[in-house]
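The primary structure of each chain is shown beneath.
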Amino acid sequence: MNRFPIVGLIAAVIVLMLDQLLKFIVTGPLGLDTLAGRTIDLLPIFRVRFVANIGVSLGLLNASSDAGRWGLVALTGVIAAGVLIWMLREPNRQDQLGLGLVLGGAIGNILDRVRLGYVVDYADLHFGEWSPFLVFNLADAAITIGVLVLLVRAILVRDKPAATVSVENGNA
């Protein structure tokens, strides 16, 4: 019997709300979107800076035109719908959680692209001048963590099959 994916749905809502709140803070009160090149160093290895991301991960599928923008909205919308359907059918709570993280992050980035034409990125992890990642946001981090949860569970954790009832010699 499938359990209603309450864990996944709660995770998706929390990720979506936090993602949109942080993006609002970066572009609203902090105004980093209007202050070209301004950064805020939070830790020696982490700073906040505004980047208008018109593509997707690693600069792939650059959507510099309206057709590209709406194509990415449609593509990510289809992927998000697939994740939601999978989550609704998934009985395992850990997988539901991973799917919820992916769903919340995807919806957060879709909302940006629909409203603004780009995704608000702001998190810059760096070690001196070396930045191992592109500037990202909470939605991107949630998607990455959700996919890692699903991969670890698929590769390393095997669910045990349900015990079968033995009907030998009249014993049940």
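Up top is the structure.
Notes on the structure follow.

What counts, and at which threshold
- Sequence order sets the numbering: in each chain, residues are counted from 1 along the sequence as written.
- With pLDDT at 70 or above as the cut-off, local features in this predicted model cover only qualifying residues; side-chain atom pairs require 80 or more to be listed or tallied, and sums for whole chains, interfaces and linings still use all residues.
- As a convention, hydrogens and water are excluded, and side-chain values are obtained from all of the structure's heavy atoms.
- A run of H or I in DSSP becomes a helix once it reaches four residues, and a run of E becomes a strand once it reaches two; helices and strands are each numbered from the N terminus.
- Accessible area is worked out with a 1.4 Å probe on protein chains only. A residue is then buried under 20% of its type maximum, exposed over 50%, and partly exposed in between.
- Note on contacts: a residue pair is in contact if any heavy atoms of the two residues lie within 4.5 Å.
- When DSSP finds two or more bridges between a pair of strands, those strands are recorded as paired.
- Each axis is a line fitted through C-alpha atoms, and for a helix only the stretch in contact is used; angles between axes span 0 to 180 degrees, taken between their N-to-C directions.

## Some points on the overall build of the protein chain
Logical step 1: Along the backbone of the protein chain there are 4 helices and 3 strands.
Logical step 2: Reading the secondary structure of the protein chain in the N-to-C direction produces α-β-β-α-α-β-α.
Logical step 3: In the protein chain, which comprises 172 residues, the share counted as buried stands at 31%.
Logical step 4: Of the contacts formed within the protein chain by residues at least 6 apart in sequence, a portion of 64% connects residues at least 24 apart.

## Quick word on the sheet that holds strand β1 (residues 39-43)
Logical step 1: Within the open sheet, the 3 strands sit side by side as β1-β2-β3. Their pairing is antiparallel. The open sheet has two edge strands with one neighbour each: β1 and β3 (119-125). Each strand axis lies, on average, 35 degrees off the axis of its neighbour in the sheet, ignoring direction.
Logical step 2: Packed onto the sheet, helix α1 (residues 6-27) meets β2 (46-53) and β3 and runs at close to 85 degrees relative to β3.

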